Amino acid sequence: MTASDRARELATAAAQAAADKKAQDIVIIDVGDQLAITDAFLLASAPNERQVIAIVDAIEERLAALPEKAKPVRREGERAGRWVLLDYIDVVVHVQHREEREFYQLDRLWKDCPTIPFVDRDLVEAEAGPAE
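Residues numbered from 1 in each chain as written. Predicted model: local features only at pLDDT ≥ 70, side-chain atom pairs only at ≥ 80, totals over all residues. Heavy atoms only, no water.

Its 16 residues place the ends of helix 2 (residues 49-64) 23 Å apart at the C-alpha level, agreeing with the 22 Å of an ideal helix rising 1.5 Å per residue. The inward-facing, buried residues of helix 2 abut helix 1 (5-20), strand 2 (40-46), strand 3 (74-76), strand 4 (83-87) and strand 5 (91-97). The backbone nitrogen of Arg50 lies 3.2 Å from a side-chain oxygen of the residue at the head of helix 2, namely Asn48. (Helix = DSSP H or I, 4+ residues; strand = E, 2+ residues; numbered from the N terminus. Expected span 1.5 Å × (residues − 1). Contact = heavy atoms within 4.5 Å. Polar contact = N/O pair within 3.5 Å; in protein donor to acceptor, adjacent residues only side chain to side chain.)

Here you go:
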């Protein structure tokens, strides 16, 4: 079963929050057909530990502010700031230091799964140009 509408909503909101904090290589992977425990993975990277934590905080704030609030049932890895995992049941968020992302290659591990499209709204607005 592919990712639910709720999983897509959470994943895209979290992805936009990550993008707003300058996360890199943001990918949403639909793992619903492969895993029974979650519908989607959100992967995002940052060049340093401080930014990893800032991205994680922004994601938690954004999802808590949704009309149907979401809070993670589990949060792991925050102390080291190298790889933080937020488990929202429908979506599991992985915010990794760039070095961890390259080493563990979760993208490659789940390459057979489809991705859920995400485009940073700031990039769309920049390409559209100034409003006349």
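Okay, back to it.
On to the side chain of Asp39, then. Locating Asp39 in the fold gives a position in the loop between strand 1 (24-30) and strand 2. Within the buried set, Asp39 has no salt-bridge partner at all; the shortest N-O distance to an opposite charge, 8.3 Å, is to Arg8. A polar contact is formed between the side chain of Asp39 and the side chain of Ser4, at a distance of 3.2 Å. If we ignore the near neighbours within four places in the chain, the residues touching Asp39 are Ala3, Ser4, Ala7, Ile29, Asp30, Val31, Gly32, Ile89 and Asp90. (Buried < 20%, exposed > 50% of the residue type's maximum accessible area, 1.4 Å probe, protein only. Lys, Arg positive; Asp, Glu negative; His and termini not counted. Salt bridge = Lys/Arg side-chain N within 4 Å of Asp/Glu carboxyl O.)

Right, let's get into the sheet that holds strand 1. Pairing is mixed in the open sheet, where five strands are placed in the order 1-2-5-4-3. The open sheet terminates on both sides in strands that have one partner only, identified here as strand 1 and strand 3. For this sheet, the mean inter-axis angle between neighbouring strands, taken without regard to orientation, is 10°. Bridging between strand 3 and strand 4 involves three bridges; their strand directions are antiparallel. The residue bridging Arg75 from the neighbouring strand is Leu86, located in strand 4. Of the strands in this sheet, strand 1, strand 2 and strand 5 touch helix 1, which is tilted by about 175° from strand 1. (Pairing = 2+ DSSP bridges. Axes fitted to C-alpha atoms, helices over the stretch in contact; angles between N-to-C directions.)

Closest axis-to-axis distance for the helix 1/helix 2 pair is 8 Å, and the angle between their directions is 135°. In terms of orientation, helix 1 lies oblique with respect to helix 2. In this structure, the crossing between helix 1 and helix 2 has a hand that is right-handed. The residues of helix 2 that touch helix 1, namely those facing Leu10, Ala13, Ala14, Gln16, Ala17, Ala18 and Asp20, are Ile55, Ala58, Ile59, Arg62 and Leu63. (Parallel < 35°, antiparallel > 145°, perpendicular 65-115°, else oblique. Left-handed = near helix turned anticlockwise from the far one by under 90°.)

These results come straight from atomic positions and should not be treated as a statement about function.
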